[in-house]
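In case you want the letters, here they are:
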Amino acid sequence: KHYGKGCVEKIKENPYQLSTDIKGIGFKYADKIALESGIEPESEIRIRACIRHILESGSLDGHCYLLENQIAIKSTEFLNVDIRDKVTNMLKYMVQDSEIMIYQHEDGPVRFYSKKLYYNENECANVIGRILANKIDAVSSEALLKGYRGVELSDEQMAGVHGIITKGVSILTGGPGTGKSTMTKAVVSALSNLGKTIGLAAPTGRAAQRMTEVIGMQASTVHRLLGWDPINLGFMHNEKNPLWHDFLIIDESSMLDVNLASSILRAVPDNCQVLFIGDVDQLPPVGPGAFFKDLIESDIVPTFKLTQIFRQGKESE
């Protein structure tokens, strides 16, 4: 039904295209069809398909990229044929044909990416760079104090609130009991006083509900914020249809993988500010990468780390 006339010929020509074109058919099933159709175990088409599969499925183990020796070992395991001596040249040809992507930092090893993860990781870096370059209007201390009057803050928290509101993109982090929620509430109060449109979201429904209860403003899951379309399997809000907020706050950011972070950042309007909140020692992402941890370690994004421990209470997480 998908291929129409000439279906059999198309499948015989490249059985591995099935795993790309037909939902529910993976590499292993396509490989079985290929071998039964007479494809040689060490054929170029089989090795290429295997390498693409390994890079794409590596994300299930949390990897954004793999190194050459990892690809060689995994390919041999998948194909049940020792092709380690063929992998170097095959990777070179696949890069030349833009089937896969590479990145090398200075004298470090070459990193091999699937195209999707390569572009998503680049999108994260590019959008964050753009937002950081945005010029933010100066905010007086008096306006901020008026904004979060009634919210008791430590000196550390007060400095953080002012810093966050005056940065294009920023990070708020700290362990349990350091007052991240209280400080977020102060940020929201100050932003509201400044007339900003605020969007609150978290990766899970439970985290979004908690955010709503603590801050007193409706929060949603990231998928709901971006408008997940189950028919087209994509988000309705993206670079062509951005969100409308002036300030976006994402809680539990340690749970964001590179793909979801990229989807959020694609939907950020030109003049929107973004705050990522989380604790690197909490739940890591299920998907590829460690977006929040890497963002902090990059030393590029202004990071406000809370260190003072308050009494563990309803709003002190």
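Above this note sits the structure.
How each quantity is defined
- Residues numbered from 1 in each chain as written.
- Predicted model: local features only at pLDDT ≥ 70, side-chain atom pairs only at ≥ 80, totals over all residues.
- Heavy atoms only, no water.
- Helix = DSSP H or I, 4+ residues; strand = E, 2+ residues; numbered from the N terminus.
- Buried < 20%, exposed > 50% of the residue type's maximum accessible area, 1.4 Å probe, protein only.
- Contact = heavy atoms within 4.5 Å.
- Areas by Shrake-Rupley, 256 points an atom, 1.4 Å probe, with all protein chains shown as cover.
- Lys, Arg positive; Asp, Glu negative; His and termini not counted.
- Charge placed at Lys NZ, Arg CZ, Asp CG, Glu CD.
- Phe/Tyr/Trp six-rings, centres within 6.5 Å; stacked < 30°, edge-to-face > 60°.
- Core = buried A, V, L, I, M, F, W, Y, C linked by side-chain atoms within 4.5 Å.
- Axes fitted to C-alpha atoms, helices over the stretch in contact; angles between N-to-C directions.
- Parallel < 35°, antiparallel > 145°, perpendicular 65-115°, else oblique.
- Pairing = 2+ DSSP bridges.
- Right-handed = clockwise from strand over helix to strand, strands pointing away.
- Expected span 1.5 Å × (residues − 1).
- 1 Å grid on protein atoms, 1.4 Å probe; cavity = no way out; pocket = protein on both sides within 12 Å on 5 of 7 lines; lining within 4 Å.
- Points joined across faces, edges and corners; volume = space filled by probe spheres on them.
- Nonpolar A, V, L, I, M, F, W, Y, C, P; charged D, E, K, R; others polar.
- Salt bridge = Lys/Arg side-chain N within 4 Å of Asp/Glu carboxyl O.

**Student:** Please clarify how the overall build of the protein chain should be interpreted in this entry.
**Tutor:** When helices and strands are counted, the protein chain shows 14 helices and 11 strands. Within the span of the protein chain, comprising 317 residues, buried residues form 44% of the whole. A separation of at least 24 residues holds for 67% of the contacts in the protein chain among residues at least 6 apart in sequence. Carbon and sulfur atoms provide 50% of the accessible area of the protein chain, an area that totals close to 17,100 Å². Side-chain charges of the protein chain comprise 34 positive and 40 negative groups, with the mean position of each set lying 5 Å from the other.

**Student:** Quick question: what am I supposed to make of the packing of aromatic side chains here?
**Tutor:** The way to describe two aromatic rings as a pair is by their centre distance and the angle between their planes. Taken as a whole, this structure holds 7 aromatic pairs when the rule is applied. Taking 5.6 Å as the distance between ring centres and 75° as the angle between the ring planes, the aromatic pair formed by tyrosine 113 and tyrosine 118 counts as edge-to-face. One exposure class covers both tyrosine 113 and tyrosine 118, and it is buried. A connected cluster of aromatic rings, assembled from ring pairs, spans Tyr65, Tyr113, Tyr118 and Tyr119.

**Student:** Could you clarify how one ought to interpret the nonpolar core in this entry?
**Tutor:** Generally speaking, nonpolar side chains in soluble globular proteins are found buried as a group. In terms of nonpolar packing, the biggest core is built from 28 residues, with Leu248, Leu265, Phe276 and Phe291 touching the most fellow members. Elements represented by at least two residues in this core include exactly helix H7 (115–132), strand E4 (169–174), helix H12 (222–226), strand E9 (247–250), helix H13 (258–266), strand E10 (273–278) and helix H14 (291–297). Core analysis: the second largest hydrophobic core is formed by 27 residues, Ile39, Leu55, Ile83 and Met90 among them.

**Student:** In this structure, what is going on with unusual backbone geometry? I would like to understand it.
**Tutor:** Residues other than glycine predominantly adopt negative phi, and peptide bonds predominantly adopt the trans conformation. Positive phi, normally seen in glycine, also occurs at glutamate 106, with a value near 50°. In this fold, glutamate 106 is placed in the loop between strand E2 (101–103) and strand E3 (111–113).

**Student:** Please clarify how the environment of serine 220 should be interpreted in this entry.
**Tutor:** Relative to the assigned elements, serine 220 resides in strand E6 (residues 220–221). The class of serine 220 is buried, set by a relative accessible area of 16%. Taking the C-alpha atoms as reference, serine 220 lies 36 Å from arginine 111; in sequence the two are 109 residues apart.

**Student:** I keep staring at the packing of helix H3 (residues 27–36) against helix H4 (residues 44–57) and nothing clicks. Help me out?
**Tutor:** Packed helices, taken two at a time, are described by the angle between their axes plus the distance between the axes. Direction vectors running N to C along H3 and H4 enclose 175°, while the axes themselves pass 11 Å from each other. What the angle tells us is that H3 and H4 run roughly antiparallel. The segment H3 lies against H4, with Phe27, Asp31 and Leu35 engaging Arg46, Ala49, Cys50 and His53.

**Student:** Could you clarify how one ought to interpret the pairing of E10 in this entry?
**Tutor:** Along any regular strand, the residues point their side chains to alternate faces of the sheet. Taking burial as the measure, the 6 residues of E10 include 6 buried ones, the bulk of the element. As judged from the 5 bridges shared by E4 and E10, these two strands associate in the parallel manner. For isoleucine 171, the partnering residue across the bridge sits in E10 and is phenylalanine 276. Pairing of E9 with E10, which is carried by 4 bridges, proceeds in the parallel orientation. Opposite isoleucine 249, over in E10, you have leucine 275 as the bridge partner. In this fold, E9 hands off to H13, which returns the chain to E10; that crossover is right-handed.

**Student:** I would appreciate a short explanation of helix H5 (residues 68–79) in the present structure.
**Tutor:** It helps to recall that an α-helix has 3.6 residues per turn; residues three or four apart then point in one direction. Helix length check: H5, at 12 residues, gives a terminal C-alpha distance of 16 Å against a target of 16 Å (1.5 Å per residue), a fit within 8%. Close packing links the buried residues of H5 with H3, H4, strand E1 (65–66), helix H6 (84–96) and E3. Once H5 ends, the next one or two residues include asparagine 80, with phi positive near 60°.

**Student:** Would you explain the pairing of E9 in this entry?
**Tutor:** Residues of E9 alternate between two faces, with Phe247 and Ile249 on one and Leu248 and Ile250 on the opposite face, all of them buried. Where strand E5 (residues 198–202) lies against E9, 4 bridges are found, and the strand directions are parallel. When the sheet's bridge partners are listed, alanine 201 is paired in E9 with isoleucine 250.

**Student:** Can you walk me through the layout of surface pockets in this structure?
**Tutor:** Left-over empty space is what a probe sized like a water molecule reveals as it rolls over the atoms. In this structure, the largest pocket occupies an estimated 930 Å³ of space. Along the wall of the largest pocket there are 28 residues; nearest its centre are Arg111, Tyr113, Glu121, Ala125 and Asp294. Those elements that place two or more of their residues in the lining of the largest pocket are E1, E3, H7 and H14. Broken down by element, the lining of the largest pocket gets its largest block of residues, 8 residues, from H7. Together, 21 residues line the second largest pocket, and Ser59, Lys116, Leu117, Asn120 and Asn259 are the ones closest to its centre. Put simply, the parts of the chain that give the lining of the second largest pocket at least two residues each are H4, H7, strand E8 (234–235) and H13. It is H13 that contributes the most residues to the lining of the second largest pocket, 5 residues altogether. Considering only residue class, the lining of the second largest pocket consists of 6 nonpolar, 11 polar and 4 charged.

**Student:** How should the pattern of salt bridges be read in this particular structure?
**Tutor:** As a working rule, side chains carrying opposite charge can pair if their charged atoms are close by. By the definition in use, this model includes 10 salt bridges. Across the pair arginine 48 and aspartate 97 runs a salt bridge whose closest N-O atoms are separated by 3.1 Å. Linking arginine 48 in helix H4 with aspartate 97 in the loop between H6 and E2, this pair joins segments that are 49 residues apart in sequence. With a relative accessible area of 10%, arginine 48 lands in the buried category. Linked by salt bridges that have partners in common, Glu44, Arg48, Arg52, Asp97 and Glu99 make up one network.

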